[in-house]
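Structural overview
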Amino acid sequence: LAKTTQPISMDSYEGQEVNITCSHNNIATNDYITWYQQFPSQGPRFIIQGYKTKVTNEVASLFIPADRKSSTLSLPRVSLSDTAVYYCLFISGNTPLVFGKGTRLSVIA
Amino acid sequence: EPEVTQTPSHQVTQMGQEVILRCVPISNHLYFYWYRQILGQKVEFLVSFYNNEISEKSEIFDDQFSVERPDGSNFTLKIRSTKLEDSAMYFCASNEGGQGFRYGYTFGSGTRLTVV
């Protein structure tokens, strides 16, 4: 089973750009990389998903190098409300998402 | 934006009692999932459901658990005889199916189950 590795926690000041890197050395050809955000006592929320190169939406960017062995979620100009746990996962078709421990991001004023 | 709705938001039950957790997935979604999260731990997959049958289940989803889509809109998780260790947040999720997985899975806000 493909596994992801990401930092347990990160701190950032408000207004900074935050980059969370995820390692996934044994990603399969059919796997997409997907990121979710979870606030305390709430369900995970989809942020962004990609296969390779760069994907950008209104909340984040996702950078995936050509070898696909890692990916970086970039959050521009974070605010206090971005304090949450961020999960890097694989998805292939409609298979169940398998969550790890994620990265706990704390944004400081 | 369409939502996955879960009820109740919080349920307290006595050990050994049956509970039913309810979910209304997004109307055009075809795949449905239940997850749980014990306090302070990671989100764990329980079961997935497609075309009116279980498509995949985890080791956690033993004979005490069952799922049903009784009326084409609701998706329920039943725990037949609750144990203290069943206390957790239970999340329902759904996705479109087909290539719709590319747009992410939508999770509900959860039901906090407390077994006493």
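Quick look at the structure, then.

Rules used throughout
Residues numbered from 1 in each chain as written. Chains lettered and ligands numbered in written order. Predicted model: local features only at pLDDT ≥ 70, side-chain atom pairs only at ≥ 80, totals over all residues. Heavy atoms only, no water. Helix = DSSP H or I, 4+ residues; strand = E, 2+ residues; numbered from the N terminus. Rg over C-alpha atoms; globule rule 2.2 N^0.38 Å. Buried < 20%, exposed > 50% of the residue type's maximum accessible area, 1.4 Å probe, protein only. Contact = heavy atoms within 4.5 Å. Areas by Shrake-Rupley, 256 points an atom, 1.4 Å probe, with all protein chains shown as cover. Lys, Arg positive; Asp, Glu negative; His and termini not counted. Charge placed at Lys NZ, Arg CZ, Asp CG, Glu CD. Buried area = accessible area lost by both parts, 1.4 Å probe. Salt bridge = Lys/Arg side-chain N within 4 Å of Asp/Glu carboxyl O. Polar contact = N/O pair within 3.5 Å; in protein donor to acceptor, adjacent residues only side chain to side chain. Disulfide = S-S within 2.5 Å. Pairing = 2+ DSSP bridges.

1. Here's the deal with the overall build of chain A
In terms of helices and strands, chain A carries 0 helices and 9 strands. Taking 13 Å as the expected radius of gyration for a compact globule of 109 residues, we find that chain A reaches 13 Å, a close match to that expectation. Looking at the 109 residues of chain A, the share that counts as buried comes to 44%. Partitioning the contacts of chain A with sequence separation of at least 6, the portion at a separation of at least 24 is 55%. As displayed, chain A has an accessible area near 5,600 Å², and 51% of this comes from carbon and sulfur atoms. Taken as two groups, the 9 positive and 7 negative side-chain charges of chain A have centres that lie 8 Å from each other.

2. What to know about the interface of chain A and chain B
Chain A puts 18 residues into the contact, and the matching count from chain B is 23 residues. Contact between chain A and chain B buries roughly 1,700 Å² in total, counting both sides, with carbon and sulfur atoms accounting for 55%. Of all residues in chain A, Asn94, Pro96 and Phe99 of chain A give up the largest surface area on contact with chain B, accounting jointly for 34% of the area buried on that side. The interface formed by chain A and chain B contains 0 salt bridges. Summed over the shared surface of chain A and chain B, the number is 7 residue pairs in polar contact (both at pLDDT 80 or more). Looking at the side of chain A that touches chain B, the elements that each hand over two or more residues are β3 (32–38), β4 (45–50) and β8 (84–91) of chain A. Among the elements that make up the side of chain A that touches chain B, the one with the highest residue count is β3 of chain A (3 residues).

3. Side note on the state of the cysteines
The final tally for this structure, using the stated rule, is 2 disulfides over all chains. There is a disulfide in this structure between Cys22 of chain A and Cys88 of chain A, and the S-S distance comes to 2.2 Å. What sets the handedness of the Cys22 of chain A and Cys88 of chain A disulfide is the S-S torsion sign, and at about -80° it is left-handed. Note that Cys22 of chain A is positioned in strand β2 (residues 18–23) and Cys88 of chain A in strand β8, a separation of 66 residues in sequence. Overall, the relative accessible area of 1% leaves Cys88 of chain A in the buried class. Between Cys23 of chain B and Cys92 of chain B runs a disulfide, and the two sulfur atoms are separated by 2.0 Å. Between Cys23 of chain B and Cys92 of chain B, the S-S torsion sits near -65°, and that sign places the bridge as left-handed. Taken as a pair, Cys23 of chain B in strand β3 (residues 19–24) and Cys92 of chain B in strand β9 (residues 88–95) lie far apart in primary sequence, 69 residues in all.

4. Let's talk about the side chain of Thr82 of chain B
Locating Thr82 of chain B in the fold gives a position in the loop between β8 (75–79) and β9. What makes Thr82 of chain B buried here is its relative accessible area of 2%.

5. Topic: the pairing of β9 of chain B
Within a regular strand, side chains alternate between the sheet's two faces. Residue and element names in this part refer to chain B. In terms of residue burial, β9 counts as a mostly covered element, since 8 of its 8 residues are buried. Both faces of β9 are covered, namely the face carrying Ala88, Tyr90, Cys92 and Ser94 and the face carrying Met89, Phe91, Ala93 and Asn95. The pairing of strand β4 (residues 31–37) with β9 spans 7 bridges and is classified as antiparallel. Bridging from a neighbouring strand, Tyr31 pairs with Asn95 of β9. One ladder, built from 3 bridges, connects β9 with strand β11 (residues 111–115); its direction is antiparallel. Bridging across to β11, Met89 finds its partner in Arg112.

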